[in-house]
Amino acid sequence: MTQRANIDAGAELDPVHPVKLPQPAGHAGGLTTAEVAERVARGEVNDVPVRSSRSTAEIVRGNVFTRFNAIIGVLWAIMLVVAPIQDSLFGFVIIANTGIGIIQEMRAKKTLDGLAVVGEAKPTVRRDGRAAEISTSEIVLGDVIELGPGDKIVVDGEAVEADGLEVDESLLTGEADPVLKKPGDKMMSGAFVVAGGGAFTATRVGREAYAAQLAEEASRFTLVHSELRSGISTILKYVTWMMIPTALGLVISQLVVKDNNVQDSIARTVGGIVPMIPEGLVLLTSVAFAIGVIRLGRKQCLVQELPAIEGLARVDVVCLDKTGTLTEGGMDVTELRPLNGSDEAYVRKVLGALGESDPRPNASLQAIIDAYPDSEVWRCTESLPFSSARKYSGAAFSEGDGENSTWLLGAPDVLLKPGDPVLTEIDTLNEKGLRVLLLAGSSRELDDPAIASDTRPTALVVLEQRLRPDATDTLRYFEEQNVKAKVISGDNAVSVGAVAAKLGLPGAANTFDARQLPTDQAEMADALDANAVFGRVTPQQKRDMVAALQSRGHTVAMTGDGVNDVLALKDADIGVSMGSGSEATRAVAQIVLLNNSFATLPSVVAEGRRVIGNITRVATLFLTKTVYSVLLAVLVVCSQVEYPFLPRHLTLLSTFTIGIPAFFLALAPNKERAKPHFVRRVMRYAIPSGVIAGVATFVTYLIARAYYSGPGELDAETSVTTLTLFLVSMWVLAIIARPYTWWRVALVVSMGVAFLLVLAVPWLQHFFALKLVGAVLPWTAVGIAVVASALLELTWRWVTRRWPD
């Protein structure tokens, strides 16, 4: 079982083979404090501003300088000149709304920027002969930066040390296979380490680094690229095209055709144009997202891409990595079982030496280090870092008595031949949810490709994983919300299934060994649909499994914390990383759980559902107003009559039937799962509702024109017409507010009471130019509104049956 250590420094290397332990280099100690100061003075600093939010100037610009604000601003300026202040109220409302939007996004910015600092990568840099963690922005040209599994390469450089250093450059080149790095090889920023360790010298920093611009853009706070935002943009585009010819017709009708007071005609023209603009819809969407960020930030959840809140709400399959997600990072050695008559004391020495040979141990090896401290007698001559693709690590030792030995530590079902009797013993342990590693000796060289096929089982190391106390409740939440959970792990499938069963995962008994997983995407998707737990999954298979689920129309979320999860996290619809995970996983994930709590996920899902569900509700309110405003303008132009409303009337209606209710409804709890086709779902209700409201309002107006005569007739006609439109709009609000709760009922009722106060209080009557004349026409207006509301109910029910969700 012993062998001579290979000390040929020129040995050929490949991605699965070991390298010699590096010899100290002249620059191994890194820069001195004086050298760092010189480089800082020359500006050779990694000063790329990696921001998680828009700048203050961008926030102000994005909220103030909008297409609709420009239109309303011009109309407001006109009204300030030609009409009383009452008809200019809509301008003050827009200023207030824009201010609210800026304040809320600034609060979200503060939250995000604070969390980004907490979750920022801290590379280890050698200076003055010592290694220390520093901020990425403090790196200077010439710094020597240490690397280990999962570390992200933050600047461009050149490798100076390499100990089995394998780098994944797929995020830059698209090539998924890891690249073995040797001293002198170029290191590209944006790549990450998948195995081994080493160090490199920074040769390009700041904006000169290869991936600097990509990194800045990827981590920037954004309000775009989501179905919700793109849907609203689509709606606004069509609204603009409808609004332009309608507004021109209204201008001509009121200013040219009708021989009225010019100032009154201008006021009524503006009154017809302003309500066509659903300006508050964009604002409320931004506010809802911003408040979502703030709420999640309080729970230590960093949303690196804002649409991720929406995306996770649409998820119907969540793929969970067992280690670090369902279980805590730490493990404990519960038993050591020597095999084939091995001496337990000797086995303990081997395990201690293996622990000492890896400068960056994973959770399993750390548990072994804690249980079996190294005796510091053996000397490691070669090492083979752990790789998720291999499922084992290894090392060669000089034992101090002239003997040399080679050892492997890893997955028993990978290191043992099928049918080996030891596997039966291991299956029994796996069924209890225990993790088992095999220590095996080998007579082959570590760099022999067939080393794993010729091993001598020496001992079983039994590990117990610490279950997350909150995982059971989280899995139950997903089950209740009809989100399927799939556990995908590199560990033994039976062991993973036992852990999942302890946590109450539905279908935990349906386990599948990924080594038997078909490569055909359709067949793989069938296997994923039929099973809930998968073991012995390679990093590439995790990526393929995400693609297979997506091919069946699923929206997939992937959680993980290890470097083996990066490819899958990158391809999933939503990637979720633990804050304690590797730099690489945090870099590609849209959501980072800084408190490492899997239990935070339901909060993210709930926040996304609240945003999408509520914005869908309020969008129907806003667009109903747009539809009836356009329709009324068209009917007025065709009939060649005065426009029935002044801006003050529609400001009052919008405030009570849309503005105030929409704000509360947009921020209310909503657990309904997000549904696709936002535009279709909104417009199928908004169009018929707007048409019914517009027709009912115009019919009331025509009846009033025939009924009233003499001085003040237009004011009387406007008052009863406003009453009809308010009542029909209130019924739309009542439908949208369902299902009713005490506060929703109170909201609707309070809006009705507020409008009655305007009609009852004399100075409010005068301020808003609303006074009901007589009894016949007001009750006629109420009757028309009742008929229209009944028609609304029938139409909504028919639409729901005709186009179900």
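Residues numbered from 1 in each chain as written. Predicted model: local features only at pLDDT ≥ 70, side-chain atom pairs only at ≥ 80, totals over all residues. Heavy atoms only, no water.

S.K.: So what's going on with the overall build of the chain? Which residues, and what values?
M.R.: For the chain, the count of helices and strands is 27 helices and 22 strands. The buried share of the chain, reckoned over its 805 residues, is 58%. In the form shown here, the chain has an accessible surface area of approximately 32500 Å², with 59% of it arising from carbon and sulfur atoms. (Helix = DSSP H or I, 4+ residues; strand = E, 2+ residues; numbered from the N terminus. Buried < 20%, exposed > 50% of the residue type's maximum accessible area, 1.4 Å probe, protein only. Areas by Shrake-Rupley, 256 points an atom, 1.4 Å probe, with all protein chains shown as cover.)

S.K.: Let's hear about the packing of helix α23 (residues 678-707) against helix α27 (residues 776-802): which residues, and what values?
M.R.: Direction vectors running N to C along α23 and α27 enclose 160°, while the axes themselves pass 10 Å from each other. As judged from the angle between their axes, α23 and α27 are roughly antiparallel. Classified by chirality, the crossing of α27 by α23 is right-handed. Within the contact between the two elements, α23 uses R684, Y685, P688, S689, I692, A696, V699, T700, I703, A704 and Y707 and α27 uses V776, L777, A781, I784, A788, L791, L792, T795, W796, V799 and T800. (Axes fitted to C-alpha atoms, helices over the stretch in contact; angles between N-to-C directions. Parallel < 35°, antiparallel > 145°, perpendicular 65-115°, else oblique. Left-handed = near helix turned anticlockwise from the far one by under 90°. Contact = heavy atoms within 4.5 Å.)

S.K.: Can you tell me about the packing of helix α15 (residues 471-480) against helix α21 (residues 601-639), naming the residues and giving the values?
M.R.: Axes are the key here: two packed helices are described by the angle between their axes and the distance separating the axes. Running from N to C, α15 and α21 cross one another at 30°; their axes reach a closest spacing of 9 Å. As summarised for this structure, α15 and α21 are arranged roughly parallel, according to the angle between their axes. Between α15, through T474, Y477 and F478, and α21, the contact on the second element is made entirely by L601, P602, V605 and A606.

S.K.: Which residues make up helix α16 (residues 493-502), and what values do they have?
M.R.: Judged by how many residues are buried, α16 sits mostly within the fold: 7 of 10 residues are covered. Near the N-terminus of α16, the side chain that reaches the backbone nitrogen of V494, with its oxygen 2.9 Å away, is that of N492. The positive-phi residue at the C-terminal boundary of α16 is G504, with phi of around 80°. (Polar contact = N/O pair within 3.5 Å; in protein donor to acceptor, adjacent residues only side chain to side chain.)

S.K.: How would you summarise the pattern of salt bridges if you had to cite specific residues and measurements?
M.R.: Summed over the entire model, instances satisfying the criterion amount to 22 salt bridges. Taking the shortest distance from any N to any O, the salt bridge between R295 and E607 comes out at 3.4 Å. One end of the pair, R295, is in helix α9 (residues 279-297); the other, E607, is in helix α21, with 312 residues separating them in the sequence. Looking at R295, the relative accessible area reads 30%, which means it is partly exposed. Accessibility expressed as a relative area gives 8% for E607, which makes it buried. Here D473 and R476 are joined by a salt bridge, their closest N and O atoms 2.8 Å apart. Of this pair, D473 and R476 are both found in helix α15, 3 residues apart, which corresponds to roughly one turn of the helix. (Salt bridge = Lys/Arg side-chain N within 4 Å of Asp/Glu carboxyl O.)

S.K.: With reference to specific residues and values, describe a nonpolar patch on the surface.
M.R.: A surface patch of nonpolar side chains, amounting to about 480 Å² of accessible area, comprises L80, V81, I85, F92 and I95. Counting through the fold element by element, F92 comes out in helix α4 (residues 89-118). The exposure class assigned to F92 is partly exposed, which follows from its relative accessible area of 41%. (Patch = residues over 30% accessible without salt bridge, like charges linked within 9 Å, V, L, I, M, F, W, Y side chains within 5 Å.)

S.K.: Before we move on, can you summarise the sheet that holds strand β18 (residues 511-513) with the specific residues and values?
M.R.: Taken in spatial order, the 8 strands line up as β9-β22-β21-β20-β10-β17-β19-β18 in an open sheet, and their pairing is mixed. Edge positions in the sheet fall to β9 (301-303) and β18, since each has one partner strand and no second. Between one strand axis and the next, the sheet turns by 20° as a mean value, whatever way the strands run. Two elements, strand β17 (residues 484-488) and strand β19 (residues 533-535), share 2 bridges in a ladder whose sense is parallel. Its bridge partner lying in β19, V487 is registered against V533. (Pairing = 2+ DSSP bridges.)

S.K.: I'd like to hear about the side chain of T651, residue by residue, with values.
M.R.: In this structure, T651 sits in helix α22 (residues 647-666). Look at T651 and you get buried, because its relative accessible area is 12%. Here T651 is in contact with L89, F90 and V93, once residues within four sequence places are set aside.

S.K.: Got a sec to walk through α27? Specific residues and values, please.
M.R.: Relative to the 39 Å expected for 27 residues at 1.5 Å per residue, α27 spans 39 Å between its end C-alpha atoms, a close match to the ideal helical length. Buried residues of α27: L777, P778, A781, I784, A785, A788, S789, L792, E793, T795, W796 and V799, and no others. Those residues of α27 that are buried lie in contact with α21, α23 and α24 (713-736). (Expected span 1.5 Å × (residues − 1).)

S.K.: Explain the nonpolar core to me, and be specific about the residues and the numbers.
M.R.: With 93 residues, the main nonpolar core has F90, I615, V618, F656, F678 and F755 as its most contacted residues. The contact partners of I615, leaving out residues within four places of it in the chain, are L228, I232, L284, T285, A288 and F678. With 36 residues, the next largest nonpolar core counts A485, L505, M578 and I591 among its residues. (Core = buried A, V, L, I, M, F, W, Y, C linked by side-chain atoms within 4.5 Å.)

S.K.: Residue-level account of unusual backbone geometry, with values.
M.R.: The peptide bond linking R738 to P739 adopts the cis configuration, its omega dihedral lying at -5°. With respect to the helices, strands and loops of the structure, P739 is situated in the loop between α24 and α25 (742-760). One non-glycine residue, R536, lies in positive phi territory at about 55°. Residue placement: R536 occurs in the loop between β19 and α18 (539-551).

S.K.: Can you tell me about the pairing of strand β5 (residues 156-168), naming the residues and giving the values?
M.R.: For β5, the tally of buried residues reaches 12 of 13 residues, placing the bulk of the element in the interior. Judged from the 10 bridges that link them, β5 and strand β8 (residues 192-204) form a sheet pairing that is antiparallel. Directly across from G157, in β8, lies its bridge partner A202. With 2 bridges connecting them, β5 and strand β7 (residues 186-187) associate as antiparallel partners. Note on β7: the bridge partner recorded for E158 is K186.

S.K.: Mind laying out the environment of K671, listing which residues take part and the relevant values?
M.R.: As for its position among the elements, K671 is in the loop between α22 and α23. Considered as a pair, K671 and A606 are 65 residues apart in the sequence and their alpha carbons are 6.0 Å apart.

S.K.: Quick rundown of the pairing of strand β20 (residues 556-560)? Include the residues and the values.
M.R.: Within β20, 5 of the 5 residues are buried, which leaves the element mostly enclosed by the surrounding structure. The alternating pattern of β20 places V556, M558 and G560 and A557 and T559 on opposite faces, both of which are buried.

S.K.: Summarise the environment of V487; cite the residues concerned and give the values.
M.R.: For V487, the location among the structural elements is in strand β17. Residue V487 is classed as buried on the basis of its relative accessible area, which comes to 0%. As a C-alpha pair, V487 and K322 span 165 residues in sequence and 6.4 Å in three-dimensional space. Not counting residues up to four positions away in its chain, the partners in contact with V487 are L320, K322, L326, V496, L505, A532, V533 and F534.

S.K.: Give me the packing of aromatic side chains: which residues, what numbers.
M.R.: Tallied over the full model, the rule gives 12 aromatic pairs. Between Y643 and F645, the ring centres sit 6.0 Å apart and the planes meet at 70°, which makes this aromatic pair edge-to-face. Seen from their ring centres, F663 and F664 are 6.0 Å apart, and the 85° between their planes marks the pair as edge-to-face. Residue F664 is classed as partly exposed on the basis of its relative accessible area, which comes to 45%. Grouped by ring-pair contacts, the aromatic residues Y346, W378, F397 and W407 constitute a single cluster. In this structure, K237 is placed above the aromatic ring of Y238, and the distance from its NZ or CZ to the ring centre is 5.5 Å. (Phe/Tyr/Trp six-rings, centres within 6.5 Å; stacked < 30°, edge-to-face > 60°. Lys NZ or Arg CZ within 6 Å of the ring centre and 35° of its normal.)

S.K.: If you had to explain the confidence of the model for the chain to someone new, which residues and values would you point to?
M.R.: Here the chain averages 81 in pLDDT, and 88% of its residues register 70 or above. Below pLDDT 50 for its whole length, residues 214-225 participates in 28 contacts with residues either more than four positions away or in separate chains. (pLDDT = per-residue confidence, 0-100.)

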